[in-house]
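# Results of the structural survey
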Amino acid sequence: MKNTSLILAAMVLGFFVIAGYMLIFAFPSMLIWNWIIPLKFNGPTLNFFEMFGLLMLCKILFSSINNYTKPKK
């Protein structure tokens, strides 16, 4: 029973972490995108979930998978 409540608590915490990430990063990015791109480049406007998906895609494509650290001098 204790493990079940611990798993449920971790899932709820994960949900709030993802929701917080969406609010902190996706909403301002969406506002900036919809302010600049349609006016300057005649591009599309994006809604909240499209911008979140675009941010996730950029994170996957451009983040480094190398955990190399420089040696200490």
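Just so it is clear, the structure is predicted and the values come from calculations on it, not from any experiment.

### Thoughts on the overall build of the chain
Within the chain, the secondary structure is distributed over two helices and zero strands. Counting only residues that meet the buried cut, the chain has 11% of its 73 residues in that class. Relative to all contacts within the chain whose residues are 6 or more apart in sequence, the contacts with residues 24 or more apart total 41%. Carbon and sulfur atoms make up 74% of the accessible area of the chain, which amounts to about 6800 Å² in all.

### Quick notes on the packing of helix 1 (residues 2–41) against helix 2 (residues 48–62)
When two helices pack together, their arrangement is given by the angle between the helix axes and the distance between those axes. As a packed pair, helix 1 and helix 2 sit with axes 8 Å apart at the nearest point and diverge in direction by 105°. By the angle between their axes, helix 1 is roughly perpendicular relative to helix 2. Counted together, Ile-18, Tyr-21, Met-22, Leu-23, Phe-25, Ala-26, Phe-27, Ser-29, Met-30 and Trp-33 of helix 1 and Phe-48, Phe-49, Met-51, Phe-52, Leu-54, Leu-55 and Met-56 of helix 2 form the full contact between these two elements. Looking at the contact of helix 1 with helix 2 residue by residue, the classes come out as 16 nonpolar, one polar and no charged.

### A look at a nonpolar patch on the surface
A surface patch of nonpolar side chains, amounting to about 610 Å² of accessible area, comprises Ile-32, Trp-35, Ile-36, Leu-39 and Phe-41. Structurally, the position occupied by Ile-36 is in helix 1. On the basis of relative accessible area, Ile-36 is assigned to the partly exposed category, the value being 32%.

### Section: helix 2
Each turn of an α-helix holds 3.6 residues, which means side chains three or four residues apart point in the same direction. The end-to-end C-alpha distance of helix 2, which contains 15 residues, comes to 21 Å, matching closely the 21 Å that a straight helix rising 1.5 Å per residue would cover. Every buried residue of helix 2 is accounted for by Phe-48, Met-51 and Phe-52. Projected down its long axis, helix 2 carries its buried residues within an arc of 105°, all on one side. Facing away from the buried side of helix 2 by over 90 degrees, the exposed positions are Phe-49, Ile-60 and Leu-61.

### Some points on the nonpolar core
Core analysis: the biggest nonpolar cluster contains seven residues, these being Met-22, Ala-26, Met-30, Leu-46, Phe-48, Met-51 and Phe-52. Elements supplying a minimum of two residues to this core: helix 1 and helix 2.

### Some words on the packing of aromatic side chains
The full count for this structure, using the stated rule, is four aromatic pairs. Geometrically, the ring pair formed by Tyr-21 and Phe-52 is edge-to-face, given 5.9 Å between the ring centres and 70° between the ring planes. On the criterion of sequence distance, the pair formed by Tyr-21 in helix 1 and Phe-52 in helix 2 is long-range, its members being 31 residues apart. Aromatic ring contacts, followed pair by pair, group Tyr-21, Phe-25 and Phe-52 into a single cluster.

Scoring rules and cut-offs
- Residues numbered from 1 in each chain as written.
- Predicted model: local features only at pLDDT ≥ 70, side-chain atom pairs only at ≥ 80, totals over all residues.
- Heavy atoms only, no water.
- Helix = DSSP H or I, 4+ residues; strand = E, 2+ residues; numbered from the N terminus.
- Buried < 20%, exposed > 50% of the residue type's maximum accessible area, 1.4 Å probe, protein only.
- Contact = heavy atoms within 4.5 Å.
- Areas by Shrake-Rupley, 256 points an atom, 1.4 Å probe, with all protein chains shown as cover.
- Axes fitted to C-alpha atoms, helices over the stretch in contact; angles between N-to-C directions.
- Parallel < 35°, antiparallel > 145°, perpendicular 65-115°, else oblique.
- Nonpolar A, V, L, I, M, F, W, Y, C, P; charged D, E, K, R; others polar.
- Patch = residues over 30% accessible without salt bridge, like charges linked within 9 Å, V, L, I, M, F, W, Y side chains within 5 Å.
- Salt bridge = Lys/Arg side-chain N within 4 Å of Asp/Glu carboxyl O.
- Expected span 1.5 Å × (residues − 1).
- Arc of directions from axis to C-beta.
- Core = buried A, V, L, I, M, F, W, Y, C linked by side-chain atoms within 4.5 Å.
- Phe/Tyr/Trp six-rings, centres within 6.5 Å; stacked < 30°, edge-to-face > 60°.

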